Amino acid sequence: MTKVAKVSRILNFSCVDGPGNRLVIFLQGCNFRCLNCHNPHTINHCNHCGDCVTRCPSQALSVDSQQRVHWDASACTDCDLCIEVCQHQSSPKVSSYTVTEMLSLVAKQSPFISGVTISGGEATLQLPFVLELFSQIKAEPKLSHLTCFIDSNGELSEQGWRKLAPVLDGAMVDLKSWQQDTHQWLVGRSNHRVLQSVHLLAKMGKLHELRLLHIPGVSDLELEVEAVIGLIKQLPESVSVRLNAFQHHGVVGEALNWPACSQQQIEQFHQRLIHRIGNPILLPTVYT
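Residues numbered from 1 in each chain as written. Predicted model: local features only at pLDDT ≥ 70, side-chain atom pairs only at ≥ 80, totals over all residues. Heavy atoms only, no water.

Some remarks on the packing of helix α2 (residues 99-109) against helix α3 (residues 127-139)
Turning to step 1, where the next piece is worked out: Taken N-terminus to C-terminus, the directions of α2 and α3 make an angle of 45 degrees; their axes are 10 Å apart at the nearest point. As far as their axial angle goes, α3 and α2 are oblique. Considering how the two elements wind past one another, α2 and α3 form a crossing that is right-handed. On the side of α2, the interface is formed by Val 99, Met 102, Leu 103 and Val 106, while α3 contributes Phe 129, Glu 132, Leu 133, Gln 136 and Ile 137.
Turning to step 2, where the next piece is worked out: Split into classes, the residues belonging to the contact of α2 with α3 amount to seven nonpolar, one polar and one charged. (Axes fitted to C-alpha atoms, helices over the stretch in contact; angles between N-to-C directions. Helix = DSSP H or I, 4+ residues; strand = E, 2+ residues; numbered from the N terminus. Parallel < 35°, antiparallel > 145°, perpendicular 65-115°, else oblique. Left-handed = near helix turned anticlockwise from the far one by under 90°. Contact = heavy atoms within 4.5 Å. Nonpolar A, V, L, I, M, F, W, Y, C, P; charged D, E, K, R; others polar.)

Below is the structure:
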């Protein structure tokens, strides 16, 4: 049987989710609980409480005979009020796709893209779907020119990465904090497996990008810059380092009280890295 995935949304074209122009598939569900999450509605799966149904101004939501929330995409105006009122960090606007259905969509876009990136949520939580989709892309002559990338929090086990490696062209991994205690507080888990994944992917030649999140006065990457530089120096110089500046867009809860990261602060962080490492460093293009 073909595998099925819960999909939050699909971007037909993106130039910031891997090399070239890419189709990006955002899967629903995440095993991190980041206080700074810009897409908190992708963390959990809908619990069908129904709180969003009566708030929908276009009547695109209803409750079926099995007391499950149903989303009518044709009536939806994407006002996202349902996401705003959800107390469960979820969304009723999640679709199910089989590998066959997703492969058809990829084929339709294939003349215009250089690859496919699966993101989230956390993409690797639906590993069987990812494995089958990437395998089918590699096996289809008309699609085999497409590269297959993962955007991940790095929590996948070594066994999982090794299963994925034969059909994976590259991975982008986020490092949100260096100290274990800070990482545990910020995302709800330690960064032990994240660092393990970074080293493993680099060893396999699959690490495309290491992403560093700068939250001034909150995260500790700038305070631990010597340790971060030490990590980067262990990676191939072909691995890009992307500096992400914390902003308030999409954020909920206490993180709304944290100061946003300015262009000047990112540039200062950049200056502390640029003369110490040989890797390409990518800076934000927008600060909102």
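The structure having been displayed, the exposition proceeds.
Examining the pairing of strand β8 (residues 170-175)
Turning to step 1, where the next piece is worked out: Of all six residues in β8, six are buried; the element is thus mostly enclosed.
Turning to step 2, where the next piece is worked out: Of the two faces of β8, the one lined by Gly 170, Met 172 and Asp 174 and the one lined by Ala 171, Val 173 and Leu 175 are each fully buried.
Turning to step 3, where the next piece is worked out: Alignment of strand β7 (residues 147-152) against β8, held across four bridges, turns out to be parallel. Across the sheet, Asp 151 pairs through a bridge with Met 172, a residue of β8. (Buried < 20%, exposed > 50% of the residue type's maximum accessible area, 1.4 Å probe, protein only. Pairing = 2+ DSSP bridges.)

A few points about the pairing of β7
Turning to step 1, where the next piece is worked out: When you tally the buried positions in β7, you get five out of six residues, the bulk of the element.
Turning to step 2, where the next piece is worked out: Looking at chain direction, strand β6 (residues 115-119) and β7 are connected through four bridges and run parallel. Opposite Gly 115, over in β7, you have Thr 147 as the bridge partner.
Turning to step 3, where the next piece is worked out: Once the chain exits β6 it traverses α3 before rejoining the sheet at β7, and the crossover so formed is right-handed.
Turning to step 4, where the next piece is worked out: Each parallel crossover has a hand, and the one from β7 via helix α4 (residues 158-164) to β8 is right-handed. (Right-handed = clockwise from strand over helix to strand, strands pointing away.)

A short note on the environment of Thr 2
Turning to step 1, where the next piece is worked out: Structurally, Thr 2 can be placed in the segment before β1 (4-14).
Turning to step 2, where the next piece is worked out: In this structure Thr 2 comes out as partly exposed when scored by relative accessible area, which is 30%.
Turning to step 3, where the next piece is worked out: Once the C-alpha coordinates of Thr 2 and Thr 98 are considered, the two residues, 96 residues apart in sequence, prove to be 6.2 Å apart.
Turning to step 4, where the next piece is worked out: Reaching out from Thr 2, the side chain makes a polar contact with the backbone nitrogen of Val 99 at a distance of 3.4 Å.
Turning to step 5, where the next piece is worked out: A distance of 3.2 Å separates polar atoms of two side chains, one belonging to Thr 2 and the other to Glu 132. (Polar contact = N/O pair within 3.5 Å; in protein donor to acceptor, adjacent residues only side chain to side chain.)

Structural notes on the sheet that holds β7
Turning to step 1, where the next piece is worked out: As summarised here, the arrangement of the nine strands in space is β5-β1-β2-β6-β7-β8-β9-β10-β11, forming an open sheet in which the pairing is mixed. Edge positions in the sheet fall to β5 (95-98) and β11 (281-282), since each has one partner strand and no second.
Turning to step 2, where the next piece is worked out: Bridge analysis of β8 against strand β9 (residues 207-214) gives five bridges, and the strand direction is parallel. When the sheet's bridge partners are listed, Asp 174 is paired in β9 with Arg 211.

Examining the nonpolar core
Turning to step 1, where the next piece is worked out: Ranked by internal contacts, the top residues of the largest apolar core, which has 72 residues, are Phe 134, Ile 137, Leu 164 and Leu 212.
Turning to step 2, where the next piece is worked out: The leading source of residues in this core is α3, at seven residues.
Turning to step 3, where the next piece is worked out: Excluding residues within four positions of it along the chain, Phe 134 makes contact with Val 116, Ile 118, Cys 148, Phe 149, Ile 150, Leu 164, Val 167 and Leu 168.
Turning to step 4, where the next piece is worked out: Formed by 10 residues, the second largest nonpolar core is a distinct cluster that contains Val 53, Cys 56, Leu 61 and Cys 76. (Core = buried A, V, L, I, M, F, W, Y, C linked by side-chain atoms within 4.5 Å.)

Here's the deal with unusual backbone geometry
Turning to step 1, where the next piece is worked out: Of note, the amide linkage connecting Gly 120 to Gly 121 takes the cis form, showing an omega dihedral of 15 degrees.
Turning to step 2, where the next piece is worked out: Structurally, Gly 121 can be placed in the loop between β6 and α3.
Turning to step 3, where the next piece is worked out: Phi at Gln 59 takes a positive value of approximately 55 degrees, unusual for a residue other than glycine.
Turning to step 4, where the next piece is worked out: Its place among the elements puts Gln 59 in the loop between β2 (22-27) and β3 (61-63).
Turning to step 5, where the next piece is worked out: Even without being glycine, Gln 67 reaches a positive phi, approximately 60 degrees.
Turning to step 6, where the next piece is worked out: Note on placement: Gln 67 falls in the loop between β3 and β4 (69-71).

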